[in-house]
Amino acid sequence: MNTLVPLELYFPVYINLLLFLVLFTLMHSGLLKIDDPKNVGFINFSGYLLIVFLILYLGQRPVSGRYFGDMRTYTRYFEWYSSGGQIMGSKDILFHVYMKGLSYVVTLHTFFTITVAMYVLPLYRISKVFFKQYWFYAFVMFVVSFSFYTYGVNGVRNGAATSMFLLAVSYHRNKVIMAILLFVSTSFHKTMFLPTIAFLITYLYNDPKTYLKGWLFCIPLSLVMGSVWISLFSSLGFGDDRLSGYLNAQSAEGTFSSTGFRWDFVFHSAFAVFAGWYFVYKKNYQDKLYFQLLNTYLICNGFWVLVIRANYSNRFAYLSWFMMGLVIIYPFLKQRLFKNHHFMLGKVVVAYFSFTYLMFYLYA
């Protein structure tokens, strides 16, 4: 267990270390070409060091409900299972089986460390498979995302489920393995039915121009008929009763739940939308898999925009936000699209991280 960093400084230390890494990456991007051996060596060394740091720093955190949200709840689950308790409920059954199995052979903090590894390593896998020696940039985009830390230390089950989804996408050429991993993802957290269904829809229709227009149209629909969409989706019991419960629940005091139409988070979501629009319309970028990723994001985020006034709608936002960094960075790492491409890539990483950094200090 990490006792070197005081609990109240745990996130400030984390985010300022990321600031140093992002700025150092920007400096490298301005001085070296992306394929320079010095740069390739730097990004690979920094990337593997970052993976080890994340797993140990987040996994070995002290138990705290105040600073790490649902960590206290998971601790109670683990202690119950380690004492011989039966599986609690039938929701997200695979995660509880996983937790119960580990409770017999590892300690509490080892369980959290393994779970963080399950959260982090699929992000490395998909970055490495898609972008080869330049995997570091995509991995960093995942790590500096607005919700990455929260779903590593608070919404642990949801975070692991989203990583299983991305791991499934990394096996898109092997449909059997992909299907198994999508099943694991939805069995870890039922809300993952939304991105899973959205991704499967892209096999039937994959025109990003249509989905971009659809996302934009969701904004006036939400402004004019927000309560109608909340009632509609909750009455349908979209996915399971947890989704319906998030839509209708009253927000608890102190929770990070949105109320009203959150233009700040729509602005944040629009980063990936703008990137998709730019590459599709301005650069005429053509890549079937990128279109699938972009369109999955647009479907999931469009759904969130429709129900944005609901309490806990941030739970729905994360069902698209976990993909945002990948959607933005993908074309940069597949084609040389700009004159000073490497430096532009570094600036994109800094700009994306800036929202996370500023939101921390604005809401701290």
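Residues numbered from 1 in each chain as written. Predicted model: local features only at pLDDT ≥ 70, side-chain atom pairs only at ≥ 80, totals over all residues. Heavy atoms only, no water.

Tallied over the entire structure, the rule returns one salt bridge. Residue D92 pairs with R157 through a salt bridge whose shortest N-O separation is 3.3 Å. Within this pair, whereas D92 is found in the loop between α4 (71–82) and α5 (93–103), its partner R157 is found in helix α9 (residues 156–170), the two being separated by 65 residues in sequence. (Salt bridge = Lys/Arg side-chain N within 4 Å of Asp/Glu carboxyl O. Helix = DSSP H or I, 4+ residues; strand = E, 2+ residues; numbered from the N terminus.)

On to the packing of helix α1 (residues 10–31) against helix α7 (residues 135–143), then. With their axes 12 Å apart at the nearest point, α1 and α7 run at an angle of 150° to one another. By the angle class used here, α1 and α7 are roughly antiparallel. Handedness of the α1/α7 crossing: left-handed. Residue-level contacts link Y14, L18, L21 and T25 of α1 to F136, Y137, V140 and V143 of α7. Broken down by class, the residue content of the contact of α1 with α7 amounts to seven nonpolar, one polar and no charged. (Axes fitted to C-alpha atoms, helices over the stretch in contact; angles between N-to-C directions. Parallel < 35°, antiparallel > 145°, perpendicular 65-115°, else oblique. Left-handed = near helix turned anticlockwise from the far one by under 90°. Contact = heavy atoms within 4.5 Å. Nonpolar A, V, L, I, M, F, W, Y, C, P; charged D, E, K, R; others polar.)

So, about the nonpolar core. Counting 133 residues, the largest nonpolar core has Y14 and F139 as its most contacted members. A per-element tally of this core places helix α6 (residues 108–131) first, with 13 residues. (Core = buried A, V, L, I, M, F, W, Y, C linked by side-chain atoms within 4.5 Å. Buried < 20%, exposed > 50% of the residue type's maximum accessible area, 1.4 Å probe, protein only.)

The next point concerns helix α10 (residues 175–188). Taking 1.5 Å of rise per residue, the 14 residues of α10 would be expected to cover 20 Å, and the 20 Å separating its terminal C-alpha atoms lies within 8% of that figure. Residues M178, L181, L182, V184, S185, T186, S187 and F188 constitute the buried set of α10. Against the buried residues of α10 lie α5, α6, α9 and α11 (193–201). (Expected span 1.5 Å × (residues − 1).)

Before going further, it helps to spend a moment on a nonpolar patch on the surface. On the surface, a nonpolar cluster with roughly 480 Å² of combined accessible area is contributed by L223, V224, M225, V228 and W263. Considering every element that reaches the nonpolar patch, the biggest residue donor is helix α12 (residues 208–236), with four residues. Structurally, the position occupied by W263 is in helix α14 (residues 263–282). (Patch = residues over 30% accessible without salt bridge, like charges linked within 9 Å, V, L, I, M, F, W, Y side chains within 5 Å. Areas by Shrake-Rupley, 256 points an atom, 1.4 Å probe, with all protein chains shown as cover.)

What follows deals with the confidence of the model for the chain. For the chain, per-residue confidence averages 89 on the pLDDT scale, and residues scoring 70 or more make up 90% of the total. Counted against residues more than four places away or in other chains, residues 238–242, with its pLDDT under 50, gives 12 contacts. Within the model, pLDDT remains below 50 along residues 248–258, and this stretch shows 22 contacts once partners closer than five positions in the same chain are excluded. (pLDDT = per-residue confidence, 0-100.)

Time to look at the environment of F279. Within the secondary structure, F279 is located in helix α14. You can call F279 buried: its relative accessible area is 2%. C-alpha separation for the pair F279 and I328, spaced 49 residues apart in sequence, amounts to 9.6 Å. Residues within four places of F279 in sequence aside, it is in contact with N284, Y285, Y290, I328, P331, F332 and L337.

Another aspect to go through is unusual backbone geometry. A positive phi angle, close to 55°, is found at K132, a residue other than glycine. Take K132: it is sitting in the loop between α6 and α7. Not every positive phi belongs to a glycine, and N284 is a case in point at roughly 50°. Relative to the assigned elements, N284 resides in the loop between α14 and α15 (288–306). The exposed category is assigned to N284, whose relative accessible area is 52%.

What follows concerns the packing of aromatic side chains. With the rule as written, the count across this model stands at 52 aromatic pairs. Geometrically, the ring pair formed by F131 and Y330 is edge-to-face, given 5.5 Å between the ring centres and 75° between the ring planes. Highlighted residues: F131 in helix α6 and Y330 in helix α17 (residues 324–334), separated in sequence by 199 residues. The pair F131 / Y330 is uniform in exposure class, with both members buried. Seen in terms of ring centroids, F353 and Y357 are 5.6 Å apart; in terms of plane orientation they differ by 50°. Their pairing is tilted. Of this pair, F353 and Y357 both sit in helix α18 (residues 341–363), four residues apart, which is roughly one turn of that helix. Judged by its relative accessible area of 2%, F353 falls in the buried class. A cation over a ring is seen here: R61 above F112, with NZ or CZ 4.9 Å from the ring centre. (Phe/Tyr/Trp six-rings, centres within 6.5 Å; stacked < 30°, edge-to-face > 60°. Lys NZ or Arg CZ within 6 Å of the ring centre and 35° of its normal.)

With that settled, the discussion passes to the side chain of T115. The topology assignment puts T115 in helix α6. Residues contacting T115, with those up to four places away along its chain left out, are Y98 and V156.

Where α4 meets α5, the axes come as close as 8 Å, and the angle between the chain directions of the two elements is 60°. By the angle between their axes, α4 is oblique relative to α5. Handedness of the crossing formed by α4 with α5: right-handed. Between α4, through Y74, Y77, F78, Y81 and S82, and α5, the contact on the second element is made entirely by F95, H96, M99, K100, L102 and S103. Per-class residue counts for the contact of α4 with α5 are seven nonpolar, three polar and one charged.

Residue placement: R66 occurs in helix α3 (residues 65–68). On a C-alpha basis, the gap between R66 and E8 in space is 9.6 Å, while along the polypeptide they are 58 residues apart.

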